[in-house]
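Here's the letter readout for the chains.
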There are 2 protein chains.
Amino acid sequence: MDGLEILPVRGIGDVTAGDDLAELITRAAPWLRDGDVLVVTSKIVSKAEGRLVEVPADGPEREAARAEVLASETRRVVARRGPTAIVQTHHGFVMAAAGIDASNVDKTHLVLLPESPDESARRLRAACAARGVRVGVIVSDTMGRAWRNGLTDVALGAAGIEPFRDHRGEIDPYGNELQLTEMAVIDELAAAGELVKGKCDQVPVAVVRGYPGAGAAETPGAVVLLRDAASDMFSLGTAEAHAEGLRTAATLPQTATDAPADAEAVRRAITTAGLDGSVAVPSPQTLRCTATDTTPAGLMRFGADVHRLRSALAAEGLASAVAYDETGATVAVSAAQ
Amino acid sequence: MDGLEILPVRGIGDVTAGDDLAELITRAAPWLRDGDVLVVTSKIVSKAEGRLVEVPADGPEREAARAEVLASETRRVVARRGPTAIVQTHHGFVMAAAGIDASNVDKTHLVLLPESPDESARRLRAACAARGVRVGVIVSDTMGRAWRNGLTDVALGAAGIEPFRDHRGEIDPYGNELQLTEMAVIDELAAAGELVKGKCDQVPVAVVRGYPGAGAAETPGAVVLLRDAASDMFSLGTAEAHAEGLRTAATLPQTATDAPADAEAVRRAITTAGLDGSVAVPSPQTLRCTATDTTPAGLMRFGADVHRLRSALAAEGLASAVAYDETGATVAVSAAQ
């Protein structure tokens, strides 16, 4: 058959700090062959590397210690809802609770992710090679996803296997050039491995046999799968980004430049702020607002309305600067830089 | 071996509207067995079901037609950056371009997703059963993910296979109850299938053999993997949610209630708005702001500052209502409802 096999590795037993994973795995799977891909649960990699933190077994002390560990593993908080914190780890993974795990370990310890899963994968691959078997290695862990219920395993680290299979530039049978089809195959291999692994039943390693090209060469590692926050359209939770928008409105700077503002966007902002009819628009670059109620309270309300308008302009991606005078405000508008 | 096999189904050939997929697949894979899982690329399901739209082969007419098709397949736009639109389809999937595809089809057609991928899976499963083989069926497609580069295949539809494998409530060897480990196994099976399928090479179906429990019973379908927007922390792109926050600031209603406001959050809001020292706080529920510059321009600026404060309060999740008078503003604050 020209397909793949996904094989569980049983009998590895409990892994503790200092254990030689290559020894444990090759002993449990003497049938390993060149070209196999080892999909190794990050938990046992962490345990072998001693990535454990001692915490109280229960009570508020445990919760406090856990919060402290989470903070130390966190580069930035991406989203939070109730007790759930989605954070970006120092490695760059976006995961619930920074991947810190309390399962499959005694109650006085938490397991952290490996310090460098790519390094861990490379070391394990080299140690297997030293034992005479040239494999690819994927260090996998369970992650949640945006938009979809349930969890899947993905690759935290990889060695000896290309992270992507790239279809870009290929031509399909109809002559169309394929686009946007860079497949994250190490994530798919991690998911495939999970199907034969278990959470409780001591199968922390799966072997994928038959995947072309595995084990042969050095490869970039799973780090190339990390999308940096700047290029990610979902770098922050919706509620957090919404709050950021409100905070931006609270701190709007005076920033209009010469960059022309889109007239339609300016119109939409005036409508959003509820100021149709009370804003004169000599050009989309200059809005003149005149105060009609000249009592102190009326002038204050007018100032608030002008700030509403500036917030609505910012929502359209427009910068603004305001100058108040005796009878109203002149708002300079520009495209944002 | 007690693992899984992932087998490609070759020789299916071109699929066109009206084709009987069960016939094509069982003829190409006479080795199919009870308990196998068919992982079928949604593209051939769509083609068999005639889910094609005719469009001009090129030029601006093609782009316009494509935009129109996208709009008709879209329930809501989730995020947009440049030419990339991430939308939620009418089914509920969050996908780039609503899963509309121009590859593996002639240049005058676009392929839409199946109308109901779960129904498609159920029909195909029933048609295979009628041919004497009891299989599970997954209709798969390629999707991008937040936070991670590269694409993976996931399940759009499923029949005869449990969508989740649930570890919740299980006890690990250390006596810890497992939590949050509801695995989306049909997505993992779709990913595993993709590893032996090809974009161009006419392998639109993979068979997963050996997955326990497949094919036996009716199951809920992939629809249970759809997380509704209300419970999704990433229901909107970061930029879109940020703009929504600015728009909220432009339209802040008067909404304070009796619900007590958190004093620390109120303090933070005053600091964010840059109004430390100029806001008196008799209680976190009542903020008194006094205008110091009583010229018309000064009163307008004061009004804008009060609106900054209200925006900052909203960013902290606090509702507010403002009353202006001769000498300043009284802002009532409450927890949001």
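Residues numbered from 1 in each chain as written. Chains lettered and ligands numbered in written order. Predicted model: local features only at pLDDT ≥ 70, side-chain atom pairs only at ≥ 80, totals over all residues. Heavy atoms only, no water.

Named according to an unreviewed UniProt entry, chain A is Coenzyme F420-0:L-glutamate ligase originating from Couchioplanes caeruleus subsp. caeruleus.

(A) Unusual backbone geometry, seen in detail. Residue and element names in this part refer to chain A. In this model, A97 sits at a positive phi of 55°, which is unusual for a non-glycine residue. Residue position: A97 is located in the loop between β6 (94–96) and β7 (109–111). Its identity as a non-glycine residue notwithstanding, A98 has a phi of 55°, on the positive side. Examined against the element boundaries, A98 turns out to sit in the loop between β6 and β7. Owing to a relative accessible area of 1%, A98 belongs among the buried residues under this scheme. (Helix = DSSP H or I, 4+ residues; strand = E, 2+ residues; numbered from the N terminus. Buried < 20%, exposed > 50% of the residue type's maximum accessible area, 1.4 Å probe, protein only.)

(B) Structural detail: the side chain of S320 of chain B. Residues and elements named next belong to chain B. Mapped onto the secondary structure, S320 falls in strand β15 (residues 318–324). A polar contact of 2.7 Å, which involves the side chain of S320, links it to the side chain of R310. With near-sequence residues (within four places) excluded, S320 lies in contact with P253, Q254, T255, A256, R310, L313, V331, A332 and V333. (Polar contact = N/O pair within 3.5 Å; in protein donor to acceptor, adjacent residues only side chain to side chain. Contact = heavy atoms within 4.5 Å.)

(C) Local environment of the interface of chain B and chain A. At the interface, 118 residues of chain B touch 118 residues of chain A. When chain B packs against chain A, the two sides together hide about 10,200 Å² of surface, and 60% of this comes from carbon and sulfur. Among the ionic pairs, D2 of chain B bridges to R10 of chain A, the shortest N-O distance being 2.6 Å. The interface formed by chain B and chain A holds 50 residue pairs in polar contact (both at pLDDT 80 or more) in total. (Buried area = accessible area lost by both parts, 1.4 Å probe. Salt bridge = Lys/Arg side-chain N within 4 Å of Asp/Glu carboxyl O.)

(D) Examining the relation of the copies chain B and chain A more closely. Once chain B is rotated about the relating axis by 180° and shifted along it by 0.0 Å, it coincides with chain A to within an RMSD of 0.1 Å. Such a combination of rotation and displacement between the chain copies is what one expects of a two-fold axis. The residues that chain B uses at the interface reappear at the interface of chain A in 100% of cases, marking a shared surface. (Least-squares fit on C-alpha atoms with pLDDT ≥ 70 in both.)

(E) Expanded view of the pattern of salt bridges. Residue and element names in this part refer to chain A. With the rule as written, the count across this model stands at 42 salt bridges over all chains. With a closest N to O distance of 3.0 Å, E49 and R123 form a salt bridge. Within this pair, whereas E49 is found in the loop between α2 (42–48) and β3 (52–54), its partner R123 is found in helix α4 (residues 117–130), the two being separated by 74 residues in sequence. With a relative accessible area of 32%, E49 lands in the partly exposed category. Assessed through its relative accessible area of 47%, R123 is described here as partly exposed. A salt bridge links R247 to E244; the nearest nitrogen and oxygen atoms lie 2.8 Å apart. Of this pair, R247 and E244 are both found in helix α6 (residues 238–250), 3 residues apart, which corresponds to roughly one turn of the helix. The class of E244 is partly exposed, set by a relative accessible area of 33%.

(F) Focus on the domain arrangement of chain A. What the domain assignment lists for chain A is domain 1 (5–238) and domain 2 (253–335). Each of domain 1 of chain A and domain 2 of chain A has a C-alpha centre, and these two points are 51 Å apart. (Domains from an automatic or database assignment.)

(G) Just the side chain of K197 of chain B, in detail. Position of K197 of chain B relative to the elements: it lies in the loop between α5 (185–194) and β12 (205–209). Sequence-distant contacts of K197 of chain B, defined by excluding residues within four places in its chain, comprise R165 of chain A together with V39, V40, T41, S140, D153, V203, P204, V205 and A206 of chain B.

(H) Region of the structure containing the pairing of β15 of chain B. Residues and elements named next belong to chain B. Of all 7 residues making up β15, 6 are buried, and the element is well covered by its neighbours. Here β15 pairs with strand β16 (residues 328–335) via 7 bridges, running antiparallel. Residue S320 lies in a different strand from β16, and its bridge partner there is V333. With antiparallel pairing between neighbouring strands as the criterion, β15 and β16 make up a hairpin whose turn holds 3 residues. (Pairing = 2+ DSSP bridges.)

(I) Spatial organisation of the sheet that holds strand β15 (residues 318–324) of chain A. Residues and elements named next belong to chain A. Spatially, the 4 strands line up as an open sheet ordered β13-β14-β16-β15, and their pairing is antiparallel. Edge strands, defined here as strands with exactly one partner in the open sheet, are β13 (279–283) and β15. Adjacent strand axes in the sheet meet at a mean angle of 25°, parallel and antiparallel pairs treated alike. Packed onto the sheet, helix α7 (residues 263–272) meets β13, β14 (286–290), β15 and β16 (328–335) and runs at close to 170° relative to β13. Sheet strands in contact with helix α8 (residues 296–315) are β13, β14, β15 and β16, and its direction is about 160° off that of β15. (Axes fitted to C-alpha atoms, helices over the stretch in contact; angles between N-to-C directions.)

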